Structures are given as structure tokens and as C-alpha cells.
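# Commentary on secondary and tertiary structure
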Amino acid sequence: MSSFGLSYAPSETLGFIPERLARLTAIMARKVGEKKAAGVSMLIARHGRVAYRESVGALRPGGPAMTDDAIFRIYSMTKPIVSVAAMMLVEEGRLLITDPVSKFIPAFENTKVGVVNGDKFDLAPLKRPITVQDLMRHTSGLTYGYTGASKVQTLVADSGVGSQKRTLAEDVEALAALPLMHQPGEVWEYSLSTDVLGRVVEIVEGAKLGEVLSARIFEPLGMDDTAFFIPPSKLPREATPMSPQVYIKFGVDPNPITEPPRFESGGGGLLSTIRDYARFAAMLSSGGELDGVRILGPRTIRFMASDNLGSHVDRSHALLAPGHGFGLGFCVRLQYGLATTPGSVGDYFWGGWAGTTFRVSPQDSLFAIFMTQAPDNREHFFWTFSNLLNAAIL
Amino acid sequence: MSSFALPYAPSETLGFIPERLERITAIMARQVEEKKAPGVSMLIARHGHIAYRQSVGALRPGGPPMSDDAIFRIYSMTKPIVSVAAMMLVEEGRLVITDPVAKYIPAFAHTKVGVVNGDKLDLAPLKRPITVQDLMRHTSGLTYGFTGASPVQKLVKAANVADANRTAAENVEAMAALPLMHQPGEVWEYSLSTDVLGRIVEIVEGASLGEVLQNRLFDPLGMIDTAFYTPESKLDRRADPFSFDVMIAAGADARASTSPPKFESGGGGLLSTLADYTSFAAMLSFGGAINGIRILSPRTLAFMSSDHLDASVRRGHYLLWPGHGFGLGFAVRTDLGQAPTAGSVGEFFWGGMMGTAFWVSPRDSLFAVLMVQTPENREYFRVLYRNLISTALA
């Protein structure tokens, strides 16, 4: 059994109720029996030690058992990694979050905001420039093509941005030519912002995003299986959904990307394992350092994990859970109630479209990771995992 | 004398001013002399010990003295019990609070919202589905037939959806066919929601609500006298009010059944005793477990007892005290001031239409139960009792 580079401790010594933690395994096995997913892999750590780690079900339908080293498409769980890389540049004095994005990508200087005006669609000038901070907290005014059917979202969907055919540089240029959905700083709108942030990181570093992430995060933290592609030698470890149709119906290619892609999406391109993401989350949870390797300072992490939305920002987006704000790359819990699942104030987390999620709870000195590939059932799994985790904390 | 789940301790060792605590007995005896109620039974506990327990007056007008094992109609104090049962299912991964109610009761997929338009009542479609969370925090849009005289409330009253001669399944189907008073999530409206929640518990468990509560709560917690009816053998222990007028006006059945009723109302059907509800309240006060029996985790309980009303939710309802919000089954104090009585932020509680009340104060490690049958004076007794307890805290 791989050590994950993290030590184990009996869960009762870490403030868990062991039989309730064990129940998680049986309940997830039942979900797999109900064919909600082919398999799931889970890890819960507290006070720097792993309390629980289980994989249930199969890697893919009819395949071998789910394992710790299964490789998952983590989609938007790429965003926190790219955000950490950007903050490393901030810590080195090479980037300020107040920098206008156009300082790095001049095309954004001329970006307009789409204003629906009856039947007409007007273009308004920016009231203020988009900043790097806007990119990190999703207040840039950018959107996604798939999160709604507004005029701007339709334009984004039709533009082919993110289609894998272009480089990140080309894609981001195309994005800058499209109208924004909102004025910068006014609305929390889940968006392609982190793709743009990834491009900013490329420009500052003078290297491709994949290279930057490898050199700055994956190698130092020993995240051996995290990349924008899955090499053929690792294909036997690929986790898949119940059916390729689950991807196809959303316009997602079910075939794995087996070599470094042209387009490295900072917003959602990575594949990873529970082991690797545990290393990343352990680094966050322990204040920016793991096994003597320092990635960020504790104050920088605290800043990232604090609400960065002002009181005037419209937070009504369906993907921003009630009772939550957004920091620099993470969603942040602001109150005990109102949310859809128990948790502590200050918990920060995010998830991926195919069904992966992680959370760090500074107050509880806890982090947890859940991985499956089941886009249809991702929210059911997210809430259930969190409910069961909280049911096991004494 | 019935048995209580907790040990006693001298009140001065628990942070009370003994003479002020003892004064409660004389003041309540005076209320009885003034014929505000035939009798009262009370318990106050702190730091896991009973500090005060007294019964004054008579069991019923002209009856024997009030006793510890008197059986009271607890009406809406049924709601916290059903809410706890529902959260047990959440902890087991069998329910998530974001589930639409229509997932369990398909008739709710077609429910409409009544919109008063001059003399007419128009029907508008739901803007979003009613969720399990809405049921628990009374934001479903449902109402009661007796809490007002709006057109929808008149329809609810006329439809007799709490019909004792129908099953919960039939009553809830009838509720789904009536218009809602509000769009889900917009207004705190005290309501039949917990009857619907009880029905969901039945569906998930595949058993009647009475059986589920018996197995999951009453047996484990030793609540030997809590049920949806009073068996013949216990009738001599039943407490009665001076008059049933208020209840009859509200359309409630004044005489509880002596055999298991057809309709087991999750919103108000239970009878209980001071000893039994003390076990339940002690479990809540101790973070979900008592005497080694764990019902819920501390995190789940903290989640339930936090405010779940968004700032946009209209809170003006007369049954939601100023300075309070509502969690998942309990009112929750959010402010030290504004309320009708002194208390601590974070207190959670509810009461029953016949006058019973309980509250738990996590901050003071305190809980208290008040049992009385006096529908007209229920609010008076609640505020008075709380005032007297607050004044007795050192």
C-alpha cells in the first residue's frame, strides 16, 4: 500500500467516530451497486495524518477494482492548482493581483461588455480593467459557454474556445475578442477566467503551463501522475464513467488524451490521482509546505482562502453555494447554516465537473478528497460525501 | 416517579443562583392559582446535570396533582423529532437536503403557487422545485390553514389536509394538489412542511412514521411514553387544558386517539412526557449522543441549529421571533437583543401549540423543557419561563 508520503493514525485519535467513518465505505459501495458510478476513491486526513482511505467499486465498468492510483479527469480542480502557481509568482514579486490582465494580454484592453437591450445586443466599454484578482475570484465578467443560454454564453459556446484545436495563447486571444457577460467586479460568474490566468502564468514564466506546473508544483510535491494528458503506459489506471455516453451527451470526448495537448486548460485540463491531490491538499492544509518543500507562505494561503467578494458582488450564481463566498481559486464557507451540507466557517474547496472534489478545513485541521467519474451524479456524491464525513467527526 | 436520563447536581455548582431558581416554583404556582393553566411541569439542566425539576398544579382541571410522568400533546415539538430522523437518513447517505421533494412525492412536481390578483387567485408555476431543505426550514411555500386568512390559507383549511381519517400518504397528496402560498425559498412561512418531511422519511425507510421514530429515536433514547396516541392504560396520566377552544378553532383534534391513528402527523401528532423530551433535548444538548447512544454527529447538529434563511428570505411571520432565524427543524437565536426574552446567540428551540416548549443553549451548556397544556397562554408561559431561567443564571 502506497504511503502517500502522509502518515496514518487511528481515526479515533484524530477526533473521528471510527464506525461512522467505516460506514462511508459501505454506503459508497451501495451507491456503486446502484450504478451511480463505476467506482469511487476517498481520502480523509486530520491533524496531518490520514484517518481514512478507501476505494470501492471498479476503475471502469467491468474493469479491475478501483485503486488509490486510479487516474481521474479532475476538470475544475485544475483551477486551485493554477491559482497556487499564480500566487507563487505573486510571492516572488513577478505578479500583482491588481495588475490589469491587459498588461500581459493586450487584447483584453479592447474587450467590451455585452448588454442585452430588448432585441438588440449592445457593446459597452469596460468601466474598469479586468484584474488578475478578478480572474482568480471569477469576477472578470467572463463566463462559460455551457453554464447558461444568455447571448454572451451562446457566443462563447459558438466560438470554439476550449476546443483543444488551438494553443492556450490562441484561445485566450479569441476569448478577448468576445464580449464579457458582466462589467468586471460586479457579478460572480463561473468562467474561463482560470484559463486566462493560466496564460498569464505562461507569459510571466516564459514556458507552457504544463511545464510550469510540473516544475513548480508537481515535481516538488511528488505529484507523479498529474498532467494534462495520460501517457499510454498509464492507461490501465484510467478511471471512466459508467458509459462513454455520459461524456458524449455533454459534447465531451470520452477518448483519453495520451500526449501533451496543444491546449493546456488552466480551468479544467488536468488529470490526477487521489494520491497526488492529497499531496496538494496536504500542502494547503499545512499552510503551504509539505515535507520541507515550501510552495506558499501561510499568509498567502490564508488570503487565498478568504472571501474576496465584496458585499456588492452579485452572488446568486447556481454554482456558488448559499452561505459561501469565493477566494483566490477556492470557494469559501462563510456561515454554518444555509449551505447544503454541514461544515465549518472557513472551509475552502472546489470540485470538478466529472465528480471529483476536495476540501480543506483550517478550523478542523482537516482535508478530504473524493474522486469518481460520474458527471450526472456529481452533486449527489459531493453532498453525500460531505454529509457522511461530517457525520463521522466527533 | 419516572426516570430521567441525567444525574442531579446542586444548582449552585452548575452556575445558577439557587434562590432565583427555586423562585420559579412559587411563580408558576401563582400562575396556576390565576387559572392560566391547570398545571405545569418543568426541567432545567446544565453541564449534563439536572439543576431543577418541579411539577405544580393539577394534571387536568379538578384532577390529581401534576406529575413528572404526565403525558402532554406536544404538537409542533414533533417537528424537531422528525427533522432529526430525516437528518439521520442524510448521515446515512439515503437523503440529501438538496433533493427535490418531487423525487419522493411526484405530485409536488406539478404544484403551483397561488398569486392573489384582485378577487382572483391566479396560479403561477414554481420558479424552482421545493427541496427537502425548504421543508426543514419552512421555506417550501406551504402554509397552514390556521395561521392566517389569505386565499391560499382558506383553501388549505377547507381541504382538511390534516384529516385524521386519511393516511399521511393521502394527506400529503392532497397538499400537493393545493396551491402554495409563496414561491419556494422566498418567505419563512410556518407550515405543513414537516408533515411532508415525515412522509419522505416513511418513503425512504419503507415504514410508517411511528415505526421509524420508535426504532430510531424512542427506543434508543428510552422515550417510553412518546407516541402518536395514548394507550388506554396511560389515559389517567394525560394532562388536559382548561379549554380546547383555541385548538378546535384551529381545526385540531382535541382528543388524542387511544390507538395508533391513521394519520401520523410529522408536524404535530406526538404526545410525550417531561422525562422523554428531556432525553431528546439532552441528546441535542450533548452534540447528538447520550449515554453512549449516538443519534447524530456534532457537526450535523451544529448545521441543523444554524440559521438557514438567506438574507433575501422574508422573516416577518408572527411565529418567528425577532432576532431569530430558522435552522433545520429549530428556530435559532441570531441576536442578543430584539427577542421577547433574554438568551444567548445560538439557542435553538421550538414549542407546541398546546404550550409545551424546549430550548437548548449550546453557549450556556443548558437546556430546559416546559410542559403545560394551555393553548391560549402558550406564548405567555414560554416567555415567562425563559425570563425566570435567565434571571437565575449566575
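Residues numbered from 1 in each chain as written. Chains lettered and ligands numbered in written order. Predicted model: local features only at pLDDT ≥ 70, side-chain atom pairs only at ≥ 80, totals over all residues. Heavy atoms only, no water.

### Thoughts on the overall build of chain B
Across its full length, chain B holds 11 helices and 13 strands. Its C-alpha radius of gyration of 20 Å places chain B within 12% of the 21 Å reference for a compact globule of 394 residues. Projected onto its principal axes, the C-alpha positions of chain B cover 60 × 45 × 40 Å. Expressed as a percentage of the 394 residues in chain B, the buried residues total 60%. Long-range pairs, those at least 24 residues apart, make up 71% of the contacts in chain B with a sequence separation of at least 6. Taken as a whole, chain B presents about 14000 Å² of accessible surface, with 54% of it coming from carbon and sulfur. (Helix = DSSP H or I, 4+ residues; strand = E, 2+ residues; numbered from the N terminus. Rg over C-alpha atoms; globule rule 2.2 N^0.38 Å. Buried < 20%, exposed > 50% of the residue type's maximum accessible area, 1.4 Å probe, protein only. Contact = heavy atoms within 4.5 Å. Areas by Shrake-Rupley, 256 points an atom, 1.4 Å probe, with all protein chains shown as cover.)

### Some points on the interface of chain B and chain A
As a measure of interface size, the accessible area lost when the parts come together is often cited. Between chain B and chain A, the residue contacts involve 24 residues of the former and 28 residues of the latter. Contact with chain A buries surface across chain B, with B:Glu91, B:Arg299 and B:Phe303 losing the most and accounting together for 32% of the total. For the interface between chain B and chain A, the tally reads three salt bridges. Between A:Asp364 and B:Arg299 there is a salt bridge, with the nearest N and O atoms lying 2.7 Å from each other. Between chain B and chain A we count 12 residue pairs in polar contact (both at pLDDT 80 or more) in total. Of all elements in the fold, only helix H2 (78-91), helix H3 (132-137) and helix H10 (298-304) of chain B reach the threshold of two or more residues within the side of chain B that touches chain A. In terms of residue count, H10(B) provides more of the side of chain B that touches chain A than any other element does, four residues in total. Across the side of chain B that touches chain A, the residue classes break down as nine nonpolar, seven polar and eight charged. (Buried area = accessible area lost by both parts, 1.4 Å probe. Salt bridge = Lys/Arg side-chain N within 4 Å of Asp/Glu carboxyl O. Polar contact = N/O pair within 3.5 Å; in protein donor to acceptor, adjacent residues only side chain to side chain. Nonpolar A, V, L, I, M, F, W, Y, C, P; charged D, E, K, R; others polar.)

### A word on the confidence of the model for chain B
The pLDDT averaged across chain B works out to 95; a share of 99% of its residues lies at or above 70. Both scores are available for the predicted complex, with the pTM at 0.93 and the ipTM at 0.88. (pLDDT = per-residue confidence, 0-100.)

### A closer look at the sheet that holds strand E10 (residues 331-333) of chain B
All names here are of chain B. The strand order E2-E1-E13-E12-E11-E10-E9 describes an open sheet built from seven strands, whose pairing is antiparallel. Two strands in the sheet have a free side with no partner beyond their single neighbour: strand E2 (49-57) and strand E9 (324-326). Here the strands of the sheet are splayed against their neighbours by 15° on average, with no regard to which way each runs. As judged from the five bridges shared by strand E12 (residues 357-361) and strand E13 (residues 366-372), these two strands associate in the antiparallel manner. Opposite phenylalanine 358, over in E13, you have valine 369 as the bridge partner. Taken strand by strand, helix H1 (residues 18-33) contacts strand E1 (39-46) and E2, and its axis lies near 20° from that of E2. (Pairing = 2+ DSSP bridges. Axes fitted to C-alpha atoms, helices over the stretch in contact; angles between N-to-C directions.)

### What to know about the sheet that holds strand E13 (residues 357-361) of chain A
All names here are of chain A. Reading across the sheet, the eight strands line up as E1-E3-E2-E14-E13-E12-E11-E10 and stay open at both edges, with mixed pairing between neighbours. Because the sheet does not close on itself, it has two edges, and the strands there are strand E1 (7-8) and strand E10 (324-326). Relative to strand E14 (residues 366-371), E13 is paired through five bridges, and the arrangement is antiparallel. Bridge assignment links serine 361 to a residue of E14, and that residue is leucine 366. Its contacts with the sheet place helix H1 (residues 18-33) against strand E2 (39-46), strand E3 (49-57) and E14, and it is angled at close to 20° to E3. Packed on one face of the sheet, helix H11 (residues 378-391) meets E2, strand E12 (348-351), E13 and E14 and runs near 145° to E14.

### A closer look at the packing of aromatic side chains
In this structure the tally under the stated criterion is 31 aromatic pairs over all chains. With 5.1 Å between their ring centres and 55° between their planes, B:Tyr277 and B:Phe358 make a pair best called tilted. Of this pair, B:Tyr277 sits in helix H9 (residues 274-285) while B:Phe358 sits in strand E12, and the two are 81 residues apart along the sequence. In this structure, B:Tyr277 and B:Phe358 share a single accessibility class: buried. An aromatic cluster of three or more residues is present, and its members are A:Tyr144, A:Tyr146, A:Trp188, A:Tyr190, A:Phe326 and A:Trp350. A cation over an aromatic ring shows up here: A:Arg46 above the ring of A:Phe16, its NZ or CZ 5.6 Å from the ring centre. (Phe/Tyr/Trp six-rings, centres within 6.5 Å; stacked < 30°, edge-to-face > 60°. Lys NZ or Arg CZ within 6 Å of the ring centre and 35° of its normal.)

### Description of the pairing of E13(B)
Residue and element names in this part refer to chain B. Of all the seven residues making up E13, seven are buried; the element is thus mostly covered by neighbouring parts of the structure. Inspection of the sheet shows E1 paired to E13 by seven bridges, in the antiparallel sense. What sits directly across from leucine 43, in E13, is valine 369. Two successive antiparallel strands, E12 and E13, enclose a turn made up of four residues, where serine 365 displays a positive phi of approximately 50°.

### Details of the side chain of A:Arg20
For A:Arg20, the position within the fold is in helix H1. For A:Arg20, a relative accessible area of 7% gives the class buried. In terms of polar contacts, A:Arg20 uses its side chain to reach the backbone carbonyl oxygen of A:Ala391, at 2.8 Å. There is a polar contact of 3.4 Å between the side chain of A:Arg20 and the backbone oxygen of B:Ile295. Not counting chain neighbours up to four residues away, the residues in contact with A:Arg20 comprise A:Ala391, A:Ala392, B:Glu91, B:Arg294, B:Ile295, B:Leu296 and B:Ser297.

### So, H9(B)
Residues and elements named next belong to chain B. Between its terminal C-alpha atoms H9 stretches 16 Å, which fits the 16 Å expected from 12 residues at 1.5 Å a residue. With 11 of 12 residues buried, H9 lies mostly within the body of the structure. All of the buried residues in H9 are Leu274, Ala275, Asp276, Tyr277, Thr278, Ser279, Phe280, Ala281, Ala282, Met283 and Leu284. (Expected span 1.5 Å × (residues − 1).)

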